[in-house]
Amino acid sequence: MKIWLDGGLRDLDSAHVSVFDHGLTVGDGVFETVKAVAGRPFALTRHLDRLARSARGLGLPEPDADEVRHACAAVLDAGPTALGRLRITYTGGLAPLGSDRGDQGPTLVVALDGAVRRPDSTAVITVPWTRNERGALTGLKTTSYAENVVALARAKERGATEALFANTAGRLCEGTGTNVFVVLDGEIHTPPLASGCLAGITRELTLQWTGAHETDLPLDVLDRADEVFLTSTLRDVQAVRRIDDRRLPDAPGPVTAKAMQIFDERAGNDLDP
């Protein structure tokens, strides 16, 4: 395994980030997870655009897109895999202990790990914690991820692979690392960005390719939706077969199955849509 760190490829044993890096000490950083298929990244342009938006939202210097592309290509060439998780991390860099930033510039890390195709359906839970749709980090994909770690651990304890959040207004928002879609009377709906959810790349493509609607939804829509599915970089479109104690035994249902088919076909025809 080779890792890109601040300008070049390093072996795993020599790819070291300082203990004073602001991404470690206070979570001052942004990241992207990119699916790699047969050694090539999927939707990289969209991911790099979002990386830049997240960096601007934190007040970090905008990353050099050409450098990040070069780093991704170098890492993929050094460790090709049939299906992989390419992680781009961009932090505030070296800084004093505390919230103030330093002046030595950001840290860029690109790493690759293998992945396996997700099953067609999964189980999820809802959690009592909320997303803040008006917070300073709302809509940014930052390394301040601890609340997702806690919620996902709760999901794993209950035999699920994802936890779903409402926002502070009690509206359906998102999962720890996914966007959520529901099917009502044959039509697909997903919470709008105003709910506080992340502007997921797979979410965006699913909206474009299936004609889904952005709809303000109460959390209890999960109790009555005909079908529910998740989207994310490595799940693509994945049906939900259980939500808490409610079972959807026929998952994936017909609308979800069609969305899965459309996504697979469109993504297979264009690796950078």
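Heads up: the structure comes first, above all this text.
Residues numbered from 1 in each chain as written. Predicted model: local features only at pLDDT ≥ 70, side-chain atom pairs only at ≥ 80, totals over all residues. Heavy atoms only, no water.

Asker: Explain empty space enclosed by the protein to me, and be specific about the residues and the numbers.
Answerer: Within this structure, the stated rule accounts for 1 cavity of 30 Å³ or more. There is about 40 Å³ of room inside the largest cavity. Around the largest cavity, the lining residues are Lys 35, Phe 42, Ala 43, His 47, Ile 201, Thr 202, Thr 233 and Asp 236. In terms of residue class, the lining of the largest cavity is made up of 3 nonpolar, 3 polar and 2 charged. (1 Å grid on protein atoms, 1.4 Å probe; cavity = no way out; pocket = protein on both sides within 12 Å on 5 of 7 lines; lining within 4 Å. Points joined across faces, edges and corners; volume = space filled by probe spheres on them. Nonpolar A, V, L, I, M, F, W, Y, C, P; charged D, E, K, R; others polar.)

Asker: Give a detailed account of a nonpolar patch on the surface, specifying residues and quantitative values.
Answerer: On the surface, Val 19, Phe 20, Leu 24, Leu 94 and Leu 97 cluster together into a nonpolar patch covering about 500 Å² of accessible area. Within the secondary structure, Leu 24 sits in helix 1 (residues 22–25). By relative accessible area, Leu 24 is classed as exposed at 57%. (Patch = residues over 30% accessible without salt bridge, like charges linked within 9 Å, V, L, I, M, F, W, Y side chains within 5 Å. Areas by Shrake-Rupley, 256 points an atom, 1.4 Å probe, with all protein chains shown as cover. Salt bridge = Lys/Arg side-chain N within 4 Å of Asp/Glu carboxyl O. Helix = DSSP H or I, 4+ residues; strand = E, 2+ residues; numbered from the N terminus. Buried < 20%, exposed > 50% of the residue type's maximum accessible area, 1.4 Å probe, protein only.)

Asker: Describe the layout of surface pockets, naming the residues involved and giving the relevant values.
Answerer: In this model, the second largest pocket occupies a volume close to 200 Å³. As for the second largest pocket, its lining consists of Lys 35, Val 37, Phe 42, Leu 83, Arg 117, Arg 118, Leu 234, Asp 236, Asp 264, Ala 267, Gly 268 and Leu 271. For the lining of the second largest pocket, the elements supplying multiple residues, two or more each, are strand 3 (29–37) and helix 6 (254–269). Residue contributions to the lining of the second largest pocket peak at 3 residues, all from helix 6. For the lining of the second largest pocket, the class distribution of residues is 6 nonpolar, 1 polar and 5 charged.

Asker: Describe in detail the nonpolar core, supporting the description with residues and values.
Answerer: Judged by nonpolar contacts, the single largest core of 23 residues is most densely connected at Trp 4, Cys 72, Leu 86, Ile 88, Tyr 90, Leu 108 and Val 110. Among the elements that take part in this core, helix 3 (residues 65–78) stands out by supplying 6 residues, more than any other. If near-sequence neighbours (up to four positions away) are discounted, Tyr 90 is found in contact with Gly 29, Val 30, Leu 51, Ala 55, Leu 60, Pro 61, Glu 62, Pro 63, Pro 106, Thr 107 and Leu 108. Within the second largest apolar cluster, 17 residues are counted, among which are Ile 188, Leu 205, Met 260 and Ala 267. (Core = buried A, V, L, I, M, F, W, Y, C linked by side-chain atoms within 4.5 Å. Contact = heavy atoms within 4.5 Å.)

Asker: Go over helix 4 (residues 146–157) with me, naming the residues and quoting the values.
Answerer: For helix 4, built from 12 residues, the straight-helix expectation of 16 Å at 1.5 Å per residue is met to within 8% by its first-to-last C-alpha distance of 17 Å. Three or more residues of helix 4 are buried, namely Asn 148, Ala 151 and Ala 155. Each buried residue of helix 4 sits inside an arc of 70° when the element is viewed along its axis, so together they form one side. With respect to the buried face of helix 4, the exposed residues turned more than 90 degrees away are Ala 146, Val 149, Lys 156 and Glu 157. The inward-facing, buried residues of helix 4 contact strand 7 (121–131) and strand 8 (162–167). Positive phi appears at Gly 159, one or two residues downstream of helix 4, with a value of about 75°. (Expected span 1.5 Å × (residues − 1). Arc of directions from axis to C-beta.)

Asker: Explain the pairing of strand 13 (residues 227–232) to me, and be specific about the residues and the numbers.
Answerer: Counting buried residues along strand 13, 6 of its 6 residues qualify, which places the element largely inside the surrounding structure. Of the two faces of strand 13, the one lined by Glu 227, Phe 229 and Thr 231 and the one lined by Val 228, Leu 230 and Ser 232 are each fully buried. As defined by bridge partners, strand 10 (residues 179–184) adjoins strand 13 across 5 bridges and the pair is classed as antiparallel. Opposite Val 182, over in strand 13, you have Val 228 as the bridge partner. Relative to strand 14 (residues 236–243), strand 13 runs antiparallel, the two being bridged by 4 bridges. (Pairing = 2+ DSSP bridges.)

Asker: I'd like to hear about the environment of Leu 205, residue by residue, with values.
Answerer: Within the element layout of this structure, Leu 205 appears in helix 5 (residues 201–210). When its relative accessible area of 0% is taken as the criterion, Leu 205 is described as buried. A C-alpha to C-alpha distance of 8.3 Å links Leu 205 and Pro 273, two positions 68 residues apart in sequence. Ignoring anything within four residues of it in the chain, the contact list for Leu 205 reads Phe 42, Arg 46, Phe 263 and Pro 273.

Functional significance is not addressed by these values, which are geometric in nature.
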